[in-house]
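What follows is each chain in one-letter form.
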Amino acid sequence: MADTHVLFVEDDDVIREATQLALERVGFTVTAVADGLLGLEAFRADRPDIALLDVMVPGLDGVSLCRRIRDESTVPVIMLSARADAIDVVLGLEAGADDYVTKPFDGAVLVARIRAVLRRFGHAAGSGGTGSGAGGAPRETGGVLVFGDVAIDTEGMEVRRGGAHVGLTPTEMRLLLEFSSAPGTVLSRDRLLERVWDYGWGGDTRVVDVHVQRLRTKIGQDRIETVRGFGYKLRA
């Protein structure tokens, strides 16, 4: 990942400079800026491979910047927050962020999280296969799975609902592919964290819950069922 370009938006000079050095030491190219408006300009000029956005930055806050980026691109976004506050976390994820890290953070942990996100985005089709599980989803010619009015082209990485194209981020696509690999089977939040977010350790299940809600708004609220106390399942 030596050619990976990271956009880093952080207004604290010490954190920004130390983190930039830590990322550059492992081979990343880093554009580091101190406010959200500069971050938006840098994003549009450089088209980075991943964006790290602090929630509380001047000019344009991190959540608003994430929304602006998501309007233009599916580039992965990690939010950074000084608090593990539920509101900060949920707002960032609802704005389209793929993950979040709370400060203070260890540089090695941040690098690991960045690499995990990049692996997911580099292998959007590799979330566990498309074989049928419980419920036996019908398969059409050309690798298209159909669930009600939702059609998933597992080769072209496209989703249609009622014939209309559905725009999914790579994380949302991996989540949907994970569900479609086992329709009718309850998938726990821990399994989804491991398979979709590539977490080899415990993670915050709010990441899963918010992404499921985002996916529901796009493919239908009743398509993914909550099984209270266990997880979620795709209705075949």
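Residues numbered from 1 in each chain as written. Predicted model: local features only at pLDDT ≥ 70, side-chain atom pairs only at ≥ 80, totals over all residues. Heavy atoms only, no water.

A.B. asks: Would you mind showing me how to read the overall build of the protein here?
C.D. replies: On a plain count of helices and strands, the protein comes out with eight helices and 12 strands. Within the protein, the proportion of its 236 residues that are buried is 49%. In the protein, the share of contacts with a sequence separation of at least 24, taken over all contacts with a separation of at least 6, comes to 61%. Summed over its atoms, the accessible surface of the protein is roughly 10300 Å², and 50% of this surface lies on carbon and sulfur atoms. (Helix = DSSP H or I, 4+ residues; strand = E, 2+ residues; numbered from the N terminus. Buried < 20%, exposed > 50% of the residue type's maximum accessible area, 1.4 Å probe, protein only. Contact = heavy atoms within 4.5 Å. Areas by Shrake-Rupley, 256 points an atom, 1.4 Å probe, with all protein chains shown as cover.)

A.B. asks: Would you mind going over the packing of helix α4 (residues 86-94) against helix α8 (residues 206-219) with me for this structure?
C.D. replies: The relative placement of two packed helices comes down to the angle between their axes together with the axis-to-axis distance. Orientation of α4 relative to α8, taken along the N-to-C sense of each, is 40°, at an axis distance of 10 Å. In terms of their interaxial angle, α4 and α8 are classed as oblique. Judged by the sense of rotation from one axis to the other, the crossing of α4 with α8 is right-handed. The residues of α8 that touch α4, namely those facing Ala86, Val89, Val90, Leu93 and Glu94, are Arg206, Val207, Val210, His211 and Arg214. For the contact of α4 with α8, the per-class residue count stands at six nonpolar, one polar and three charged. (Axes fitted to C-alpha atoms, helices over the stretch in contact; angles between N-to-C directions. Parallel < 35°, antiparallel > 145°, perpendicular 65-115°, else oblique. Left-handed = near helix turned anticlockwise from the far one by under 90°. Nonpolar A, V, L, I, M, F, W, Y, C, P; charged D, E, K, R; others polar.)

A.B. asks: Help me out: how do you make sense of the sheet that holds strand β2 (residues 29-33) in this one?
C.D. replies: Working definition: the strands of a sheet are paired by backbone hydrogen bonds and lie parallel or antiparallel to each other. The five strands lie next to each other as β2-β1-β3-β4-β5, forming an open sheet whose pairing is parallel. Taken across any chain shown, the strands that pair with only one partner, and hence form the sheet edges, are β2 and β5 (99-102). Along the sheet, successive strands turn relative to each other by an average axial angle of 20°, direction set aside. (Pairing = 2+ DSSP bridges.)

A.B. asks: I keep staring at the confidence of the model for the protein and nothing clicks. Help me out?
C.D. replies: It should be kept in mind that the predicted coordinates are not to be read in detail where pLDDT is low. Here the protein shows a mean pLDDT of 86. Residues at 70 or above account for 88%. For the protein, strand β6 (residues 139-140) is the element with the lowest average pLDDT, namely 48, and strand β1 (residues 5-9) is the one with the highest, namely 97. (pLDDT = per-residue confidence, 0-100.)

A.B. asks: How do you make sense of the nonpolar core when you look at a structure like this?
C.D. replies: The nonpolar side chains of soluble globular proteins are, as a tendency, buried together. Counting residues in hydrophobic clusters, the biggest one holds 51 residues, and the most contacted among them are Leu53, Met79 and Phe179. The leading source of residues in this core is α8, at six residues. Setting aside chain neighbours within four positions, we find Phe179 in contact with Leu187, Leu192, Val212, Leu215, Ile224, Tyr232, Lys233 and Leu234. Counting residues in hydrophobic clusters, the runner-up holds 16 residues, among them Ile78, Leu80, Val111 and Val117. (Core = buried A, V, L, I, M, F, W, Y, C linked by side-chain atoms within 4.5 Å.)

A.B. asks: Whenever I open this one, helix α5 (residues 107-122) confuses me. Can you help?
C.D. replies: Helical geometry note: an α-helix holds 3.6 residues per turn, so side chains three or four residues apart project in the same direction. With 16 residues, α5 ought to run about 22 Å at 1.5 Å a step, and its terminal C-alpha atoms sit 22 Å apart, in line with that. Three or more residues of α5 are buried, namely Leu110, Val111, Arg113, Ile114, Ala116, Val117, Leu118, Arg120 and Phe121. Along its buried surface, α5 packs onto α1 (13-25), β3 (50-54), β4 (77-81), β5, α6 (170-180) and α7 (189-196). At the N-terminal end of α5, a side-chain oxygen is found 2.8 Å from the backbone nitrogen of Ala108, two or three residues along, and the residue is Asp106. (Expected span 1.5 Å × (residues − 1). Polar contact = N/O pair within 3.5 Å; in protein donor to acceptor, adjacent residues only side chain to side chain.)

A.B. asks: How should I be thinking about the packing of α6 against α8 in this particular structure?
C.D. replies: Contact geometry for α6 and α8: axes closest at 10 Å, N-to-C directions at 85°. Considering their axes alone, α6 and α8 lie roughly perpendicular with respect to each other. Every residue of α8 that contacts α6 at Thr171, Glu172, Leu175, Leu176 and Phe179 is listed here: His211, Val212, Arg214, Leu215, Lys218 and Ile219. Residue classes in the contact of α6 with α8 are distributed as six nonpolar, two polar and three charged.

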